Every structure is written in C-alpha cells, then in structure tokens.
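In case you want the letters, here they are:
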Amino acid sequence: PCGYSCLLLLFLLYGLMVGTWSFQMGGEAPSFAARLLRKGYTDVAVIEPSDKHYYQPLWTLVGGGQAQAATTERAESAVMPKGAKWIRNAASAFDPDANTVTCIDGATYEYDALVVCPGIQLDWDRTEGLAETLGRDGVSSNYRFDLAPRTWDFIRNLRSGTAVFTVPSGAIKCAGAPQKIAYLA
C-alpha cells in the first residue's frame, strides 16, 4: 500500500463517504488539503474520482435565473491544491484498525490520520416515477447540474396554475435550497 504520513482526505462524490473534517460535498477536501499544506504538512492526499468540480451552492441561483450553470463547473485540477497528491479514484471501504482505505479498483492506501464523514447519495428512484419525469412536464431539481437551468425554464414559462416546491424528509444537502428557490420564483 501507498502510505501518507499526515492525512488522507477521503472525498467521494456521489458516494459512500466524504472526507474532510466535517464538510459536505462541494470541494471542501481540496480546500482543507490546501490549509494543511499552508500549515507545513507535506504528505497530504485527496481521493477524488471526478474530473469536474461543481460549486453546488450556486445551483439554487441557477434555478432562480440569477446565475448560469456554466459558472459552477470547473476542472477538478483547478481546485486541487499544489502539493497535495490527487488520487483519481473512488473509495469503497476503509479499515480503521489497519489504517487503510481501499478504492474501487482494489488499490489500498495507508494513513496515519483519516477524517471521514458520510456523504449523501441522491436517490431519485425512491419516489416512484421521479427519475423518468425529471426535466419534463414542469418537474425539476436544483440538486443536479443539468436540471437547475430547467428549473428556471419552468418558472419563467409558467403562465397559470400553481407551482409546488417540496422539501424532502430526512437529511438533505443544503437544507435551505428548497426554500430559497421558492423565494426566488
């Protein structure tokens, strides 16, 4: 296994786990890695499979017609700090007793310190018919890059009827987003 003496930041988009100290998805692992590097740590790694980085908090404004989706997308390499090892992979398991993280390709990484917090997986299939309807017939979501602009299309083209904004039960990322879009509409 490859070893990292300082900290292995585990960041899995759409995943089983997100690593940083206490942050959600949205680029906090690279940001936290940069802070560690500025403090003099030299063995810092970020596990991140994505080629693209999305600034998801802005998607509510995209859905409200106040921003363009393209401004929320950047190359992941643009947000990865110089000096951090970028492991372009996705974590599948970790073993705190052995101080290892295993990735989906079977690669194993050792660490001295690992910080892990759970991520949130969007589950469109949990609501019957939702996955097939998203982006059509006035049904949209600001929790997906390609759908946030559709939200604005539906809002600005609504001429009559009632717009319904829902808040899912349970844990959601950016819990204020469902309210913000209602105010922007």
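**Brief notes about a negative patch on the surface**
- On the surface, a cluster of negative charge is contributed by Asp123, Asp125, Glu128 and Glu132.
- Its place among the elements puts Asp125 in the loop between strand 10 (114–115) and helix 4 (130–133).

**A short note on helix 6 (residues 177–184)**
- Among the residues of helix 6, those classed as buried are Ala177, Pro178 and Ile181. Axial view of helix 6: buried residues confined to an arc of 105°, hence all on one face.
- Contacts from the buried residues of helix 6 go to helix 2 (59–63) and helix 5 (148–157).

**Focus on the pattern of salt bridges**
- Counted according to the given criterion, the structure contains 5 salt bridges.
- Note that Lys52 is salt-bridged to Glu73, the shortest N-O span being 3.9 Å. One end of the pair, Lys52, is in strand 4 (residues 52–54); the other, Glu73, is in strand 5 (residues 73–75), and 21 residues separate them in sequence.
- Given the relative accessible area of 42%, Lys52 is considered partly exposed.
- In this structure, Arg144 engages Asp146 in a salt bridge whose closest nitrogen and oxygen atoms are separated by 2.7 Å.
- On the accessibility criterion, Arg144 (26% relative accessible area) is partly exposed.
- Residue classification places Asp146 among the partly exposed residues on the basis of a relative accessible area of 43%.
- Connected through shared salt-bridge partners, Arg150, Asp153 and Arg156 make up one network.

The rules behind these values
Residues numbered from 1 in each chain as written. Predicted model: local features only at pLDDT ≥ 70, side-chain atom pairs only at ≥ 80, totals over all residues. Heavy atoms only, no water. Patch = residues over 30% accessible without salt bridge, like charges linked within 9 Å, V, L, I, M, F, W, Y side chains within 5 Å. Areas by Shrake-Rupley, 256 points an atom, 1.4 Å probe, with all protein chains shown as cover. Salt bridge = Lys/Arg side-chain N within 4 Å of Asp/Glu carboxyl O. Lys, Arg positive; Asp, Glu negative; His and termini not counted. Charge placed at Lys NZ, Arg CZ, Asp CG, Glu CD. Helix = DSSP H or I, 4+ residues; strand = E, 2+ residues; numbered from the N terminus. Buried < 20%, exposed > 50% of the residue type's maximum accessible area, 1.4 Å probe, protein only. Arc of directions from axis to C-beta. Contact = heavy atoms within 4.5 Å.

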